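An overview of the molecular structure
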Amino acid sequence: MRILVPIKQVPETGDVKMDPETGTVVRAGVETVVNPLDLYAVEAALRLKAERGGTVVALSMGPAQAAKALREAVAMGCDEAVLVSDRRFGGSDTWATSYTIAQAARKLGYFDLVIAGERATDGDTAQVGPGIASWLGLPLATYVSRIESVEGGEMILERLVEDGYQRLAITLPALLTVVKEIASPRLPTLRGKKRSKDIDIAVLDADSIDLDPSYLGLKGSPTKVVRIASPKVSRGGATVIAKDDEGVAAAADGLVAFLEKKGLL
Amino acid sequence: MSAETCQCLVWTIAEQRDGALKDVSFELLARGRRLADKLGTGLASVVIGDGVSREAMTELVERGADAVYSVQDPRLAHFVCEPYSNALSGLVSAYSPSVVLAAATSSGRTLMPHLAVRVRAGLTADCTELDIEEGTGLLLQTRPAIGGNIMATIKTPDRRPQMATVRPRSSRPLPRDPARRGIIVDVPVADSVMDGRVRVLGYRKDADGSGCVEEAGIVVAGGKGLKKAENLALVRGLAEDLGGVVGASREAVDRGWIGYPHQIGLSGKTVSPRLYVGIGISGAIQHLAGIKTSEVIVSVNPDPDANLHKLADYAVVADAFLFVPELRRRLAARKMEADNHGE
Ligand SMILES: Cc1cc2nc3c(=O)[nH]c(=O)nc-3n(C[C@H](O)[C@H](O)[C@H](O)COP(=O)(O)OP(=O)(O)OC[C@H]3O[C@@H](n4cnc5c(N)ncnc54)[C@H](O)[C@@H]3O)c2cc1C
Ligand SMILES: Nc1ncnc2c1ncn2[C@@H]1O[C@H](COP(=O)(O)O)[C@@H](O)[C@H]1O
């Protein structure tokens, strides 16, 4: 099987700092990591490869630094790495991003499967995976939590929906987005780490992909961010300290009164 | 009134399961109604599925819709992205709505990005606020991003429709108004809408069965502070008393105390209930990412410096094993009193 895994480089979440003046996220000096939810996609791909043979290609769209994310994917066991990078891609929203990645995927040839993360922890949209499927005309299964079998060009899987799991059969080639339940990501191996240092990362720029220039970057993005604000962090809430039985009783009374006042009982 | 004479430029996508409309369909109408009124246009709701009754569709009218497009076929009974997207893109091309809203649910968040590509439109995910900009009449879409650390307001200036998914529970349905009138349009379903590459084989309920955290009005979540699986009973009991659903931190899920569908946070689900109660949860940034837009947050933790206390509207610095049983006794007594009065 030939599997494509689009991965995004994101700021480390534990490390998010806000500029109190501008209300924007401080990016400078922040560690970047592979989107943690994409590690599940990489793991799912590597397991399929282990079972069935094949190649796993990791692809990231972003600035040159995104090569770091790709090297991590290679260290885990991905066979090839492709960086989709061009200044003209800057400022892409999810629509333009999914278009660019889809066209890059076409350029790379046939894939039996594309496995994306559920969502990226920075943008948090979960739109790029379904968008890529739509551009490529691939059947789509989102929130996949289990791959049951792959046989005769068909995959049986389960996806997590609101109050349970939906079981599906999907014809390959297809695109999946996966959730944490699918598999727990492996750590990089020594051999993988060494390979990741030496590997040549293929770079695709706007000229090497067949692209409609009016669909690219900030200009090609249908949505525009017009305002960024910091939500109130503290709600100025009440604190009650209950150290002994009396305190606990008082706190319970207090909470019941509070919930009543809020109309929650 | 026919479909042609109803100028409905604002659309909502209703959600159904087994022919029954989900609450979120009505929440969307409340949003849509405000926008349509501001724009001076009509509001339509699109129902895709099978076996959704006239009565159910009438309820859409009574809760705000001027028109209902009913796209029904046995082959559309379960959500599958491709045929749903085919059907909708056909409708969007035929009627050219200006705004299309869907719920930020597993199906809405699958369908809408697929559709946005098909119809070459812009889409904003998981909005918590929607408004119309004075002067331009453009849709202002506000959503939390970066784990809820910022609120971004987004516009779609040139492409149509302006599409958004809206977080469930972030608005309340309008009351039913039996006097409201609207039209129900049966949309014929062409065979070409079907795709066939994805087949639904079945469905199994989440083993826990205590309900879905994303759709719950009240969520009571437990964390590592509960120390062992059996103690989650404390959280379950309180959830039951309050009419809520059980949630959990990743620590609790990874320890196998409860299934992954209940995990709240960055690598789990995002919730916006009216009330969130966190018990034995420290409030790591990854957990907070999933609860920031809750209306009221209550925290129970003996550590006065716990992060969740800082975010809480009501912080109880106490041992959960002492406090929660005491609270449950209060709630039981209150309920008994209410029952007696009721008789
Ligand atoms: C990429 C990534 C994704 C993640 N995704 C998620 C996610 O989706 N959801 C999530 O929750 N976490 C997530 N995490 C993990 C997160 O960082 C924390 O480790 C986790 O939320 C901690 O869970 P906890 O609060 O239950 O445990 P702890 O942080 O250990 O807190 C336990 C709390 O219980 C309190 N306690 C102790 N005794 C009692 C008592 N008797 N009564 C009441 N309280 C008591 C303690 O004071 C403490 O504050 C993620 C982490 C990473 C790196
Ligand atoms: N710039 C990118 N490069 C590669 N993959 C991406 C990129 N952005 C998003 N993805 C993929 O799409 C998924 C969903 O991202 P998002 O829609 O941004 O939440 C991610 O988990 C990745 O698999």
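Residues numbered from 1 in each chain as written. Chains lettered and ligands numbered in written order. Predicted model: local features only at pLDDT ≥ 70, side-chain atom pairs only at ≥ 80, totals over all residues. Heavy atoms only, no water.

From N to C terminus, chain B includes 9 helices and 18 strands. Along the three orthogonal principal directions, the C-alpha set of chain B runs to about 65 × 45 × 45 Å. Of all 343 residues assigned to chain B, the portion counted as buried reaches 62%. Taking all contacts inside chain B whose residues are at least 6 apart in sequence as the whole, residues at least 24 apart take part in 65%. Of the roughly 12,900 Å² of accessible surface on chain B, 50% is carried by carbon and sulfur atoms. (Helix = DSSP H or I, 4+ residues; strand = E, 2+ residues; numbered from the N terminus. Buried < 20%, exposed > 50% of the residue type's maximum accessible area, 1.4 Å probe, protein only. Contact = heavy atoms within 4.5 Å. Areas by Shrake-Rupley, 256 points an atom, 1.4 Å probe, with all protein chains shown as cover.)

Okay, the confidence of the model for chain B next. Averaged over chain B, the pLDDT score is 95; the fraction of residues at 70 or greater is 98%. For this predicted complex, the interface score ipTM comes out at 0.94, alongside a pTM of 0.94. (pLDDT = per-residue confidence, 0-100.)

Quick look at the pattern of salt bridges now. A side chain of one charge can pair with a side chain of the opposite charge when the charged atoms of the two come close. With the rule as written, the count across this model stands at 46 salt bridges over all chains. The closest approach of N and O atoms between Arg54(B) and Asp186(B), which form a salt bridge, is 2.9 Å. In this pair, Arg54(B) is assigned in helix α2 (residues 54-62) and Asp186(B) in strand β12 (residues 183-186), connecting sequence segments 132 residues apart. The class for Arg54(B) is partly exposed, based on a relative accessible area of 39%. A salt bridge links Arg180(B) to Asp66(B), with the nearest nitrogen and oxygen atoms 2.8 Å apart. Here the residue Arg180(B) occupies a position in the loop between β11 (162-166) and β12, and Asp66(B) occupies one in the loop between α2 and β5 (67-72), the gap between them amounting to 114 residues. On the basis of relative accessible area, Asp66(B) is assigned to the buried category, the value being 16%. Ionic contacts of the salt-bridge type, sharing partners, join the residues Arg146(A), Glu148(A), Glu158(A), Arg167(A) and Arg204(B) into one network. (Salt bridge = Lys/Arg side-chain N within 4 Å of Asp/Glu carboxyl O.)

Further remarks concern the site of ligand 1. Residue and element names in this part refer to chain B. What surrounds ligand 1 is a group of 27 residues, the closest being Lys224, Ser249, Ser282, Gln286 and Asn301. Contact distances for ligand 1 include 3.3 Å between an oxygen atom and a backbone N or O atom of Gly268. With respect to ligand 1, the side chain of Asn301 contributes an N or O atom lying 2.7 Å from an oxygen atom. Out of a free accessible area of 990 Å², ligand 1 has 80% covered by protein chains. Grouping the amino acids of the shell around ligand 1 by side-chain chemistry returns 9 nonpolar, 12 polar and 6 charged. (Near = heavy atom within 4 Å. Polar contact = N/O pair within 3.5 Å; in protein donor to acceptor, adjacent residues only side chain to side chain. Nonpolar A, V, L, I, M, F, W, Y, C, P; charged D, E, K, R; others polar.)

The next subject is the packing of helix α3 (residues 94-107) of chain A against helix α4 (residues 128-136) of chain A. Residues and elements named next belong to chain A. Direction vectors running N to C along α3 and α4 enclose 50°, while the axes themselves pass 8 Å from each other. Our classification of the angle between α3 and α4 gives oblique. The two elements α3 and α4 meet at a crossing, and its hand is right-handed. Note on element contacts: α4 touches α3 through Val128, Gly131, Ile132, Trp135 and Leu136, opposite Thr94, Trp95, Thr97, Ser98, Tyr99, Ile101, Ala102, Ala105 and Arg106. Within the contact of α3 with α4, the residues separate by chemical class into 9 nonpolar, 4 polar and 1 charged. (Axes fitted to C-alpha atoms, helices over the stretch in contact; angles between N-to-C directions. Parallel < 35°, antiparallel > 145°, perpendicular 65-115°, else oblique. Left-handed = near helix turned anticlockwise from the far one by under 90°.)

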